[in-house]
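# Observations on the model geometry
This is what each chain is made of:
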Amino acid sequence: MSRRATCVTRSPATAYLGTPKMALEDAAPLAEVHDLNVRFVTREATVHAVNGVSFSVQPGEVLCILGESGSGKTVTLRALMRLLPPRRTRIEGSVRVDGQDVLAMSSRDLRDLRGGLVAMIFQEPMTALDPVYTVGQQIGETVRRHTGCDRRTARARALELLELVRIPSAERRLDAYPHELSGGLRQRAMIAMALSCDPRLLLADEPTTALDATVQVQVLILLRRLQRELGMGMIFVTHDLGVASEIADTVAVMYAGRIVESGPVAQVLSAPAHPYTAGLLASTVHGQPRERDIDAIPGSPPDMRRLPRGCSFAPRCARRIAQCRLAVPEPRFPEPGRMAACLVVAGVRAS
Amino acid sequence: MPDSLALDPRDRGGLQQPMLIARDLRKHFPVKGSGNKSVQAVDGVSFTVDKGETLGIVGESGCGKSTLARLLLHLVMPDSGELIFDGDAVGVPDGIAVHELRRQVQMVFQDSYSSLNPRMPIRDSVAFGPFVQGKKKDEARHIARDMLRRVGLDPSLFGPRYPHELSGGQKQRVNIARALATAPRMVILDEPVSALDKSIEAQVLNLLRALKRQFNLTYIFISHDLNVVQYLSDRVLVMYLGRVVEIGPIEAIFERPLHPYTRALLASRPSMDPARRIEEPPISGDPPNPIDPPSGCRFHTRCPFAETVCETTDPALGTWQGLQSHVAACHMRDPLSGHSLSGHA
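No experiment lies behind these values; they were computed from the predicted model shown. (Residues numbered from 1 in each chain as written. Chains lettered and ligands numbered in written order. Predicted model: local features only at pLDDT ≥ 70, side-chain atom pairs only at ≥ 80, totals over all residues.)

### What to know about unusual backbone geometry
All names here are of chain A. We count it as follows: Only runs of H or I of at least four residues qualify as helices and only runs of E of at least two qualify as strands under DSSP, and these elements are numbered from the N terminus. Exposure in this text rests on C-beta crowding, where 20 or more other C-beta atoms within 10 Å of a residue's own make it buried, 12 or fewer make it exposed, and counts in between make it partly exposed. The C-beta atoms are placed from the backbone.
The residue R82 is not glycine, and still its phi comes out positive at about 50°. With respect to the helices, strands and loops of the structure, R82 is situated in the loop between α2 (73–79) and β5 (89–97). One non-glycine residue with positive phi stands out, namely D198, at about 50°. Along the polypeptide, D198 turns up in the loop between α8 (183–195) and β8 (201–205). According to the C-beta neighbour criterion, D198 is partly exposed, with 13 such atoms within 10 Å.

Here is the structure:
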């Protein structure tokens, strides 16, 4: 089965032809985002959070969106479910999930979409779960909203789900309030709730970041198993290269609201094409020699209210050339299935 | 071993005297409305920090590592136990007074914003320490400018700014400058890079290393990130539910971990290689609640090797002295414990 995503920045539709086999192999993608732009408008300033992001996810594929804080990864994820404050947000581009145009949906259709076809898990289970209802009640409510079944059936389904996410003594935990559970169990309960209506696409926003190391790996392994067993597509947002290497099929690296590199996880992590990805990899501490400094990326990310012209990474980039400042680099395809938006990368151009 | 140790005029005990000795520190926080239950945050912790070394402290949330850091500066008063700084007992007659200790030992906290005064421009925040310790205003300002420069911030550009005008990495640099402004001999770093992005984390780690050399500092580096601890520390202390489970030199801990908990922690690190993913969780479950911790060895509820002796008897950490020793509090390490694997593991 083909598990490949194309991720391109600011690309014309023809960019997908950059990897010609794709069109033949892949049926309709589960999620398809094309030239997504998200701006937050306030009286003082406009924040350009997402700038021309395109990608697609096949059924059964795990796409990791990697990026640092403020890179637009969470905003991209939320745009897929339109979970952004409508009055202050300007969304342009197209977002299609299972063939449906999410940006054109009525609020009624959106309510059916959220928790039904698409479900989401968050970083902080304590704030995502309602503290005044038991875990069983919360999961049951979702089940009843989407299937219209009675309370007893919903409770039985909730129990089944808690067992699915391997919560020990699940029967007893149904009647527990979120504060009575440990961090790891709470996160499992939230996963159970997200899975309650058999979503085809699971969105995960740093679901293991707040967990302890020994618990994080348990939840990652659980998510991987569930995703495989249930055949879900998953978009997993993280800042942690290690987490991405544990769970992703493909990765898309974001910087300043743009996807700067994408491709299969093993290739991107072992031979990064974009200087930012390479810098991120070098500055992540994992067994470097102790007597030398870490190769840190100098400077800090740009102000999203005033993005520099051209490549946003150019001011920090050791390999920049004069043309980098002129225009946002077009995507290039160093090999099939891989993309890097950088002028110094050798590869086929989009057009 | 620390690479070079120039003789410091402030040195009192000599090079062999550890910078800090903590003996049997204990802090239990009573839980309101629960009768006489308490959170056993730190429960009988002993260790030494030698001059010029970096001692890493690792453990999961709730293991007491931050409470331990605060006990060392008497920011939280220990219930019992003893602290000896460069040969002088802390807070006792004939010893070193707490305010004098705080002049020589400074701290950098995880939350870079809440540890700066939001109403004070950062040059004043940095100058505040030297000023209250008796320096003249001009002198203190001069020190502040110098420190800001040394942490990589241009004093004329950043000095007049307020904390909210700085990024997370810049604020953490200010905190480091503030800590160093009083010319301490030891700095306690409590998760100083945990809130930072990876590209900024690397910059701050490099800065901490450079400053340690420049100012001949001794560090206690607290973190939940084993990779960062491995990079920066000379020795590591592993905590679990308020107790020390293992302590030893960095190579020994990472290459030959003795305690099952240390092994689980190490095995839980993501591989960074998609071809070698972790297939089975090294241990199951969450760390237990520090109120009412398990009896005997506190790790026995999650330990794959637990036997009856682990539930009933507290394992001792063993004796240790100097830099080379590597000990763990585990019955499997004690031939007389009665554990069926004792002597094998």
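### Here's the deal with helix α5 (residues 135–147) of chain A
All names here are of chain A. Operational definition: Take the residue count of a helix, subtract one, and multiply by 1.5 Å to get its expected span. Here the contact rule is simple: place C-beta atoms from the backbone, and any two residues whose C-beta atoms are within 7 Å are in contact.
The end-to-end C-alpha distance of α5 is 18 Å, a good match for the 18 Å that 13 residues give at a rise of 1.5 Å each. Within the sequence span of α5, burial applies to V135, G136, Q138, I139, G140, T142 and V143. Contacts made by the buried residues of α5 are with α6 (151–164), α7 (170–173) and α8. One or two positions beyond α5, positive phi appears at G148, with a value near 70°.

### Observations regarding the confidence of the model for chain A
Stated formally: Confidence per residue, as judged by the predictor, is encoded in pLDDT with a range of 0 to 100.
The predicted model of chain A averages 89 in pLDDT, with 91% of residues at 70 or higher. Residue range residues 1–25 of chain A is modelled with pLDDT below 50. Its contacts to residues more than four positions away, or to other chains, number 62 contacts.

### Focus: the interface of chain A and chain B
Applicable threshold: Note that Gly is not counted as nonpolar here; it falls among the polar residues with everything else outside the nonpolar set of Ala, Val, Leu, Ile, Met, Phe, Trp, Tyr, Cys and Pro and the charged set of Asp, Glu, Lys and Arg.
Each partner contributes to the interface: chain A provides 36 residues, whereas chain B provides 35 residues. Top contributing element to the side of chain A that touches chain B by residue count: helix α9 (residues 213–230) of chain A, with six residues. Residue classes in the side of chain A that touches chain B are distributed as 15 nonpolar, 16 polar and five charged.

### Describing the sheet that holds strand β11 (residues 327–328) of chain B
All names here are of chain B. Under the convention used in this document: Should DSSP find at least two bridges between two strands, the strands are taken to pair.
Reading across from one edge, β6-β7-β8-β3-β9-β10-β11 is the order of the seven strands in this open sheet, with mixed pairing throughout. What marks the edges here is a single partner per strand, and that holds for β6 (105–108) and β11. Judged from the four bridges that link them, β6 and strand β7 (residues 186–190) form a sheet pairing that is parallel. Residue pairing in the sheet places Q106 in a bridge with V187 of β7.

### Points about the nonpolar core
Where we set the bar: Think of a nonpolar core as buried Ala, Val, Leu, Ile, Met, Phe, Trp, Tyr and Cys residues chained together by C-beta atoms that fall within 7 Å. Note that the domain bounds reflect an automated or database-derived domain assignment.
If you look at the biggest cluster of nonpolar residues, it comprises 189 residues, and the most contacted ones within it are A:C64, A:V260 and B:I220. For this core, the element with the most residues is α8(A), which contributes eight residues. Looking at which domains feed residues into this core, each of domain 1 (7–117 + 199–349) and domain 2 (127–198) of chain A supplies at least three. Dropping the residues within four chain positions of it, A:C64 is found in contact with A:F236, A:T238, A:A244, A:I247, A:A248, A:V251 and A:V265.

### Quick word on the packing of helix α6 (residues 168–180) of chain B against helix α7 (residues 198–215) of chain B
Residue and element names in this part refer to chain B. Quick reminder of the rule: Every angle, taken between N-to-C directions, lies between 0 and 180 degrees, and every axis is a line fitted to C-alpha atoms, over only the stretch in contact when it is a helix. Here is the rule for angles: anything less than 35 degrees is roughly parallel, anything more than 145 is roughly antiparallel, 65 through 115 is roughly perpendicular, and the remaining ranges are oblique. Take the far helix as the reference: if the near one is turned anticlockwise from it by less than a right angle, the crossing is left-handed, and if turned clockwise, right-handed.
Between α6 and α7, whose axes approach to 10 Å, the crossing angle comes to 15°. On the basis of the axis angle, α6 is roughly parallel to α7. For the element pair α6 and α7, the recorded crossing hand is right-handed. Between α6 and α7, the residues in contact are G168, G169, Q172, R173, I176 and L180 and I200, Q203, V204, L207, L211 and F215, respectively.

### Re the sheet that holds strand β2 (residues 38–49) of chain B
Strand-to-strand pairing in sheets goes through backbone hydrogen bonds, with the strands running parallel or antiparallel. Taken in spatial order, the four strands make up an open sheet running β2-β1-β4-β5 (chain B), and their pairing is antiparallel. The sheet is open, and its two borders are formed by β2 and β5 (88–89) of chain B, each paired with just one other strand.

### A closer look at the pairing of strand β3 (residues 54–58) of chain B
Residues and elements named next belong to chain B. With five of five residues buried, β3 lies mostly within the body of the structure. Taking every second residue as pointing to the same face, both faces of β3 are buried, with T54, G56 and V58 on one and L55 and I57 on the other. Looking at chain direction, β3 and strand β8 (residues 218–223) are connected through five bridges and run parallel. Each bridged residue has a counterpart across the sheet, and for L55 the counterpart in β8 is I220. Inspection of the sheet shows β3 paired to strand β9 (residues 235–240) by four bridges, in the parallel sense. Bridging from a neighbouring strand, I57 pairs with L237 of β9.

### Some points on the domain arrangement of chain A
Residue and element names in this part refer to chain A. Domain assignment breaks chain A into domain 1 (7–117 + 199–349) and domain 2 (127–198). One C-alpha centre belongs to domain 1, the other to domain 2, and the line joining them spans 30 Å. Domain 1 puts 13 residues into the contact, and the matching count from domain 2 is twelve residues. Ranked by the residues each element gives to the side of domain 1 that touches domain 2, the list is headed by α9, at six residues. Class assignment for the residues of the side of domain 1 that touches domain 2 results in ten nonpolar, three polar and no charged.

### A short note on the packing of α8(A) against α9(A)
Two packed helices can be described by the angle between their axes and the distance between those axes. Residues and elements named next belong to chain A. Viewed as axis vectors pointing N to C, α8 and α9 meet at an angle of 15°, and their least axial separation amounts to 10 Å. Classified by the interaxial angle, the pair formed by α8 and α9 is roughly parallel. Where α8 crosses over α9, the handedness of that crossing is right-handed. Contacts between α8 and α9 involve G183, G184, Q187, I191 and L195 from the first element and V215, Q218, V219, L223 and L226 from the second. Across the contact of α8 with α9, the residue classes break down as six nonpolar, four polar and no charged.

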